[in-house]
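# Summary of structural features
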Amino acid sequence: MGSLIAYSFLAALIVGGALGVVTSRNVAHAALFLLTTLAAVAGIFILSLAEFLALVQVLIYGGAITIVLLFALMLTRLEEFSNVRDNTQWPMAIIASVALLVVLVGAIFASRPSGAALRGASFQEVGTQLFTKWAVPFEVASLVLLVALVGAFLLARGGGNPGDDGIRDGGNRS
Amino acid sequence: MTLLHTELLSAVLFVIGLYGVLARRNAVLVLMSVELMLNAVNINLIGYAAFTDPGRVLGQVLAIFVITVAAAEVGLALAIILRLYRNRGTVNLNEINLMKW
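Residues numbered from 1 in each chain as written. Chains lettered and ligands numbered in written order. Predicted model: local features only at pLDDT ≥ 70, side-chain atom pairs only at ≥ 80, totals over all residues.

## Side note on the overall build of chain A
- Within chain A, the regular secondary structure consists of 6 helices and 0 strands.
- Secondary structure of chain A in N-to-C order comes out as α-α-α-α-α-α.
- Residue burial in chain A is summarised as follows: out of 174 residues, 24% are buried.
- In chain A, the proportion of contacts linking residues at least 24 apart, taken out of those at least 6 apart, comes to 48%. (Helix = DSSP H or I, 4+ residues; strand = E, 2+ residues; numbered from the N terminus. Buried ≥ 20, exposed ≤ 12 C-beta atoms within 10 Å, placed from the backbone. Contact = placed C-beta atoms within 7 Å.)

Printed below as a string of structure tokens:
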């Protein structure tokens, strides 16, 4: 019962924060709503007895990704920073989203999900599996991170001369 | 809480993220919405790992990989957005039509 109350509270935080992310007029507020949602997702992980994932969620999403997103927001500061407008296609977006929600909820109820009792996995079990059965994908993931790091660095660094920053945009500069 | 609650929460979060991806105009905000969708997937994976998987860790391992790819994706996408902003002076997705025929 207690876990259901906590779950409802966290779910409300998640949905409210997510709605804030997609509807907030102020870009910085959207980033802070995103932080709320990510922290609440970490809470859901704890309730699902996945403590390791909760720690990873707080460290990577709450710490790194939100900060990087805020950096990008500040570096691409626009005149409409505090009053950003949406696409003109937002009614279509609402229709598509609601349609997908209907399909998903219908599928969920049609499949009648039934699980056994909640069981978690200890740090030790996750680590053992990750470094034995999943060792090769793990190494590939580290390679992906390395490539992304180098690529992001090269892209964001810019070139030597001002105005000539390495990537041509076809003379289409506006 | 049961598997049903987890799935419903995941579906709602995914749909909200989809709306953000479709409706937002600022590239960074679209990226935030993509993060919402990835989190919805993680909630689902963890739910199934906790409720149905006999080995209990498969969903967690997959979620770790999802988070890894998400981190790489955010880094690269933000670098691309910064470069776009430097070259074009905008991160407005309606005006970025470089690769349109």
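After presenting the structure, the write-up continues.
## Topic: the nonpolar core
- Formed by 77 residues in total, the largest nonpolar core has its most connected members in Leu13, Val28, Met32, Ile46 and Ile81 of chain B.
- If you list the elements that add at least two residues to this core, you get α1 (2–23), α2 (27–47), α3 (51–75) and α6 (135–157) of chain A together with α1 (3–23), α2 (27–51) and α3 (58–88) of chain B.
- If you tally residues by element for this core, the top one is α2 of chain B, at 17 residues.
- Ignoring anything within four residues of it in the chain, the contact list for Ile46 of chain B reads Phe45, Ser48, Ala50 and Leu53 of chain A together with Gly59, Gln60 and Ala63 of chain B. (Core = buried A, V, L, I, M, F, W, Y, C linked by C-beta atoms within 7 Å.)

## Quick notes on the packing of α6 of chain A against α3 of chain B
- At their nearest, the axes of α6 of chain A and α3 of chain B sit 8 Å apart, and the two run at 10 degrees to each other. For the element pair α6 of chain A / α3 of chain B, the angle class is roughly parallel. Taken together, the residues of α3 of chain B that come into contact with α6 of chain A (itself represented by Pro137, Ala141, Val144, Leu145, Ala148, Leu149, Gly151, Ala152, Leu155 and Ala156 of chain A) are Phe65, Thr68, Val69, Ala71, Ala72, Gly75, Leu76, Ala79, Ile80, Leu82 and Arg83 of chain B.
- Across the contact of α6 of chain A with α3 of chain B, the residue classes break down as 17 nonpolar, 3 polar and 1 charged. (Axes fitted to C-alpha atoms, helices over the stretch in contact; angles between N-to-C directions. Parallel < 35°, antiparallel > 145°, perpendicular 65-115°, else oblique. Nonpolar A, V, L, I, M, F, W, Y, C, P; charged D, E, K, R; others polar.)

## So, unusual backbone geometry
- Positive phi, normally seen in glycine, also occurs at Leu49 of chain A, with a value near 60 degrees.
- Note that Leu49 of chain A resides in the loop between α2 and α3.

## Concerning the domain arrangement of chain A
- Taken domain by domain, chain A consists of domain 1 (1–80) and domain 2 (121–159).
- Computed over C-alpha atoms only, the centres of domain 1 of chain A and domain 2 of chain A are separated by 22 Å. (Domains from an automatic or database assignment.)

## Some words on the confidence of the model for chain B
- Summary statistics for chain B give a mean pLDDT of 88 and a share of 98% for residues scoring 70 or more.
- Among the scores for the predicted complex, ipTM is 0.90 and pTM is 0.87. (pLDDT = per-residue confidence, 0-100.)

## Let's talk about the environment of Ala12 of chain A
Residue and element names in this part refer to chain A.
- Mapped onto the fold, Ala12 is located in helix α1.
- A tally of 12 C-beta atoms within 10 Å means that Ala12 is categorised as exposed.
- In the structure, Ala12 is positioned 28 residues away from Ala40 in sequence and 9.1 Å away in space, judged by C-alpha atoms.

## What about the environment of Arg88 of chain B?
- In this structure, Arg88 of chain B sits in helix α3.
- The spacing of Arg88 of chain B and Leu98 of chain B is 10 residues in sequence and 9.9 Å in space, taken between C-alpha atoms.

## What to know about the interface of chain B and chain A
- In this complex, chain B contributes 65 residues to the contact, which on the side of chain A involves 80 residues.
- Listed by contribution, the elements that provide at least two residues to the side of chain B that touches chain A are α1, α2 and α3 of chain B.
- Along the lines of polarity and charge, the residues of the side of chain B that touches chain A split into 43 nonpolar, 14 polar and 8 charged.

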